[in-house]
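Residue-level structural notes
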Amino acid sequence: QKAGTSYLHSILSRSHRFCLPPQKEVHFWDWHRRKGLGWYSRQFPLGGGNHFKGGGNMKLCGEITPCYMTLQTHDVREIHTLFPNLKVIFIARDLVERAWSALCMELRNSVRGLKAGQFQLSEQDQIKGTNSSDRGNTSSSFDTRQQGLLNEKYDRESNP
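Calculation criteria
In this numbering scheme, every chain counts its residues from 1 along its sequence in written order. Confidence filtering applies because this is a predicted model: local features only for residues at pLDDT of at least 70, side-chain atom pairs given and counted only at 80 or more, and all residues used for totals across whole chains, interfaces and linings. The basis for every side-chain value is the complete set of non-hydrogen atoms in the structure, without hydrogens or water. Numbering of helices and strands runs from the N terminus; a helix is a DSSP stretch of H or I covering at least four residues, while a strand is a stretch of E covering at least two. Relative accessibility thresholds used throughout: buried, under 20% of the residue-type maximum; exposed, over 50%; partly exposed, between the two (1.4 Å probe, protein chains only). Whether two residues are in contact is decided by their heavy atoms, any of which lying within 4.5 Å being enough. Shrake-Rupley sampling with a 1.4 Å probe provides the accessible areas, and residues are treated as covered by the protein chains on show and by no other component. Without a salt bridge and with relative accessible area above 30%, a residue can belong to a patch; like charges are then joined within 9 Å and nonpolar side chains (Val, Leu, Ile, Met, Phe, Trp, Tyr) within 5 Å. Basic side-chain nitrogens of Lys or Arg form a salt bridge, by our definition, when they fall within 4 Å of a carboxyl oxygen of Asp or Glu. Distance and chemistry together define a polar contact, namely a pair of N or O atoms within 3.5 Å, with one atom able to donate a hydrogen and the other to accept it when in protein, and with adjacent residues in sequence counting only for side-chain atoms on both sides. pLDDT measures the predictor's confidence residue by residue and takes values from 0 up to 100. Multiplying 1.5 Å by the helix residue count minus one yields the expected span of that helix. Throughout this description, the term nonpolar core refers to a set of buried Ala, Val, Leu, Ile, Met, Phe, Trp, Tyr and Cys residues connected via side-chain atoms within 4.5 Å.

Next up on the list: the overall build of the protein chain. The helix and strand tally for the protein chain stands at eight helices and two strands. Counting helices and strands in the order they occur from the N terminus, the protein chain gives α-β-α-α-β-α-α-α-α-α. When the 160 residues of the protein chain are sorted by exposure, 26% land in the buried category. In the protein chain, 60% of the contacts between residues at least 6 apart in sequence involve partners at least 24 apart. For the protein chain, the accessible area works out to roughly 11,800 Å², and carbon and sulfur atoms hold 55% of it.

Laid out in structure tokens, this is it:
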């Protein structure tokens, strides 16, 4: 989380030299492999096939799915067999900074009424009008010092 992959996807998607799927994380190799390579190639705007070959119009195609770093060895071998010239960009983040960022994200989401792992309010919560003002002060479990550190860290992340 928060390692710059969304930014990388945004930048590469705007380039005429790259072909990336509209969504950042395709999850083909970990979740959708059973759908086949035809499905995978259709995730790219040009649809794969001969569109990627020949002339000066050749585009570099790829995707950004951070969960691939946990793929099994046999999956990595299959990818290498299918794409022997594949280039990989690996973005690593300081583990403490990453853990802190995840905590801050979970806290921000909880203030917005989201449960851990949830990315948007359910339709039922939206209808009820659940928001931070409905929930009162969500920081009551933190002492003043911890809340101050959290606010300071959030301000640094929000205003680099």
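Having seen the model, we can carry on.
Turning to a nonpolar patch on the surface, a few remarks are in order. Side chains of Leu37, Met69, Leu82, Phe83, Leu86, Val88 and Phe90 sit close together on the surface and give an oily, nonpolar patch of about 710 Å² of accessible area. Summarising the element assignment, Leu82 is placed in helix H4 (residues 73-82). Relative accessible area serves as the criterion here: at 36%, Leu82 is assigned to the partly exposed category.

With the rule as written, the count across this model stands at two salt bridges. In this structure, the salt-bridge partner of Glu25 is Lys24, at a minimum N-O distance of 3.4 Å. You can call Glu25 partly exposed: its relative accessible area is 32%. Linking Glu78 and Arg33 is a salt bridge whose minimum nitrogen-to-oxygen distance equals 2.2 Å. Within this pair, whereas Glu78 is found in helix H4, its partner Arg33 is found in the loop between helix H2 (28-32) and helix H3 (36-41), the two being separated by 45 residues in sequence.

The next subject is the side chain of His27. Secondary-structure assignment places His27 in the loop between strand S1 (18-19) and H2. Within the local environment of His27, its side chain forms a polar contact with the side chain of Glu25, the two groups lying 2.9 Å apart. Reaching out from His27, the side chain makes a polar contact with the side chain of Asp30 at a distance of 2.9 Å. The residues touching His27, leaving out its near neighbours within four places in the chain, are His32, Glu63, Thr65, Cys67 and Tyr68.

Here we come to the confidence of the model for the protein chain. Mean pLDDT over the protein chain stands at 75; residues scoring 70 or higher make up 62%. Residue range residues 47-55 is modelled with pLDDT below 50. Its contacts to residues more than four positions away, or to other chains, number 10 contacts. Between residues 129-146, whose pLDDT stays under 50, and residues either more than four places distant or in other chains, the model counts 15 contacts.

With 17 residues, helix H5 (residues 95-111) extends 24 Å from end C-alpha to end C-alpha; this agrees with the ideal 24 Å at 1.5 Å per step. Along H5, the residues classified as buried are Ser101, Ala102, Cys104, Met105, Leu107 and Asn109. Positive backbone phi, approximately 95°, marks Gly113, located one or two places after H5.

Quick look at the nonpolar core now. If you look at the biggest cluster of nonpolar residues, it comprises 10 residues: Cys19, Val26, Phe28, Trp29, Trp39, Tyr40, Phe44, Tyr68, Leu71 and Ile79. Elements with a contribution of two residues or more to this core: H2 and H3.

Negative phi is the rule for most residues except glycine; trans is the rule for most peptide bonds. The backbone phi angle of His27 is positive, close to 60°, even though this residue is not glycine. Classification of His27 as buried rests on a relative accessible area of 5%.

Further remarks concern the side chain of His9. Considering the arrangement of structural elements, one finds His9 in helix H1 (residues 5-14). Overall, His9 belongs to the buried group, its relative accessible area being 8%. Every residue in contact with His9, bar those within four places of it in the chain, is listed here: Leu20, Pro21, Pro22, Gln23, Lys24 and Ile64.

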